[in-house]
Amino acid sequence: APRDPRRGASPHAWTISTYFAEGFPYSVVNNLADLFFTEHKATLQQIGLTSLFHLPWNLKLLVGPLVDAYATKRVWLIGLEVLLTLALIALAVTSTFSTVLAAAAAAFLLLGVLSAVHDIAIDGLYLEALDKDEQARFVGYRAPAYRAAIVIVTGPLVVFAKQAGWTAAFVVCAAIMGALLLAHLVMLPRTETPKAPLRALARSLFSVPVLIIGAAVVGVVLAARSVLASTAWQASKDGLAGLLPSLAGPVGKLGVAEWIGLSLLLALVAILLLASFCCTFAALLAVAMIK
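Residues numbered from 1 in each chain as written. Predicted model: local features only at pLDDT ≥ 70, side-chain atom pairs only at ≥ 80, totals over all residues. Heavy atoms only, no water.

Engineer: How should I be thinking about the overall build of the protein chain in this particular structure?
Structural biologist: A tally of regular secondary structure across the protein chain gives 12 helices and 0 strands. Listing the helices and strands of the protein chain from first to last along the sequence gives α-α-α-α-α-α-α-α-α-α-α-α. Considering the protein chain as a whole, with its 291 residues, one finds that 39% of them fall into the buried category. For the protein chain, restricting intrachain contacts to residue pairs at least 6 apart in sequence, the fraction spanning at least 24 positions comes to 82%. Carbon and sulfur atoms form 73% of the exposed surface of the protein chain, whose accessible area is close to 15,800 Å². (Helix = DSSP H or I, 4+ residues; strand = E, 2+ residues; numbered from the N terminus. Buried < 20%, exposed > 50% of the residue type's maximum accessible area, 1.4 Å probe, protein only. Contact = heavy atoms within 4.5 Å. Areas by Shrake-Rupley, 256 points an atom, 1.4 Å probe, with all protein chains shown as cover.)

Engineer: Would you mind going over the environment of proline 194 with me for this structure?
Structural biologist: Among the structural elements, proline 194 can be located in the loop between helix H8 (166–187) and helix H9 (198–205). For proline 194 and alanine 69, which are 125 residues apart along the polypeptide, the C-alpha to C-alpha distance reads 9.2 Å. Beyond its immediate sequence surroundings of up to four residues, proline 194 is in contact with Ala71 and Thr72.

Engineer: How do you make sense of unusual backbone geometry when you look at a structure like this?
Structural biologist: Apart from glycine, the bulk of residues carry a negative phi angle, and the bulk of peptide bonds sit in the trans form. Not every positive phi belongs to a glycine, and alanine 71 is a case in point at roughly 55 degrees. Along the chain, alanine 71 falls in the loop between helix H4 (60–69) and helix H5 (73–94). Take alanine 71: its relative accessible area is 10%, and that puts it in the buried class.

Engineer: Can you walk me through the pattern of salt bridges in this structure?
Structural biologist: A side chain with one charge may pair with a side chain of the opposite charge, provided their charged atoms come close. In total, this model carries 5 salt bridges according to the counting rule given. We note a salt bridge from glutamate 39 to lysine 162, for which the minimum N-O separation is 3.0 Å. Here glutamate 39 is found in helix H1 (residues 11–39), whereas its partner lysine 162 is found in helix H7 (residues 132–164), with 123 residues between them in sequence. Its relative accessible area of 36% is what places glutamate 39 among the partly exposed residues. For aspartate 119, the salt bridge goes to lysine 60, with nearest N and O atoms at 3.8 Å. With aspartate 119 in helix H6 (residues 100–129) and lysine 60 in helix H4, this residue pair connects regions lying 59 residues apart in the sequence. Overlapping salt bridges bring together Asp68, Lys73 and Glu128 as one network. (Salt bridge = Lys/Arg side-chain N within 4 Å of Asp/Glu carboxyl O.)

Engineer: Teacher, can you tell me more about the packing of aromatic side chains here?
Structural biologist: Each aromatic ring pair is described using two quantities: the centre-to-centre distance and the angle formed by the ring planes. Scanning the model with the defined rule gives 14 aromatic pairs in all. On the basis of an interplanar angle of 85 degrees and a centroid distance of 5.9 Å, the ring pair of tyrosine 19 and tyrosine 126 is categorised as edge-to-face. Within this pair, whereas tyrosine 19 is found in helix H1, its partner tyrosine 126 is found in helix H6, the two being separated by 107 residues in sequence. Here tyrosine 19 and tyrosine 126 have matching classes, each one buried. (Phe/Tyr/Trp six-rings, centres within 6.5 Å; stacked < 30°, edge-to-face > 60°.)

Okay, here's the thing in C-alpha cells:
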C-alpha cells in the first residue's frame, strides 16, 4: 500500500534526528557553559551557578500540560527549534559583549528553558505519531542519537571553540540547529489532531491579570535590590556596616549571574511550596469526598 504522506519521512529517520536535536541544546547548556565561564575567568561562585541552568529540565512537569493542550507536538517542536536557533545566534552575539558573563548567563538560561520545552514536544510526538509496536521498534534509536549529540558538542565543538573562538563555535551550533529545523519541516509526520490554537495560549499569557502580576514581581525584585544596595552603601558611609553584616553587604554586591541564580532558587522554592499546597488540598478533598 502507498505510504500516507501525512506520516512524513520514515520513523527511522525522524526518530534519530529529533532525539539528536533533543540532546544537542541540552549539551550546549550543560557542558559548554562550564567551559565558557571557566575560559572567561569567572569566579568559582559564578561557575557554580551554571549548574542552575539545568533547573528548567527539573520543572518540565509544569509545562507539559500546556504542550498537550495547545496545537500539535509538531508545531511546538518546529516553533521551538526556530527559537533555539535564534537563541544560539544570540549566544554568539553576546559572546562578543564587554559584559560577556552577564549576557551569556541570560542567553544560556533562555536556551535552557526553550530546550526543556523542546524535549516535551519531542517525547510527545514520539508517543502520539507512533503506535505501540512502532514505539517498541524505534526505542533503540533514542539514547544513541541523544548521546551522539552530546559527544559532538563535548568533542569536536570544544576543539573548534579552542581554535576559532567561542563566537564561531556558537555560530556553528546555530547552523546545526537550523539544519535540523529545515529537515524536520519536511520529515515530521502530521498525523496528530490539533488541539486549541496557540493564539489562545498567547491570549492567556498576555492577559491583563498575568501582565499585572508579572510587572508586580519585577517591580518588587528591582525595588528590593535597590533598597538592599542603598542600605549597604549607607551603612558603609556612616560607619554602621555592623548593623547588617551578614545580609546587606553581600546582597548589595551581587552581580547579574548571582541574581539569576538567586531568582531561580526562590522560584523553585515557591513552586515546591505551591505544589505541596495543591497536593495537600487534593488529598483533603479526596478524604472529604470519601466520607
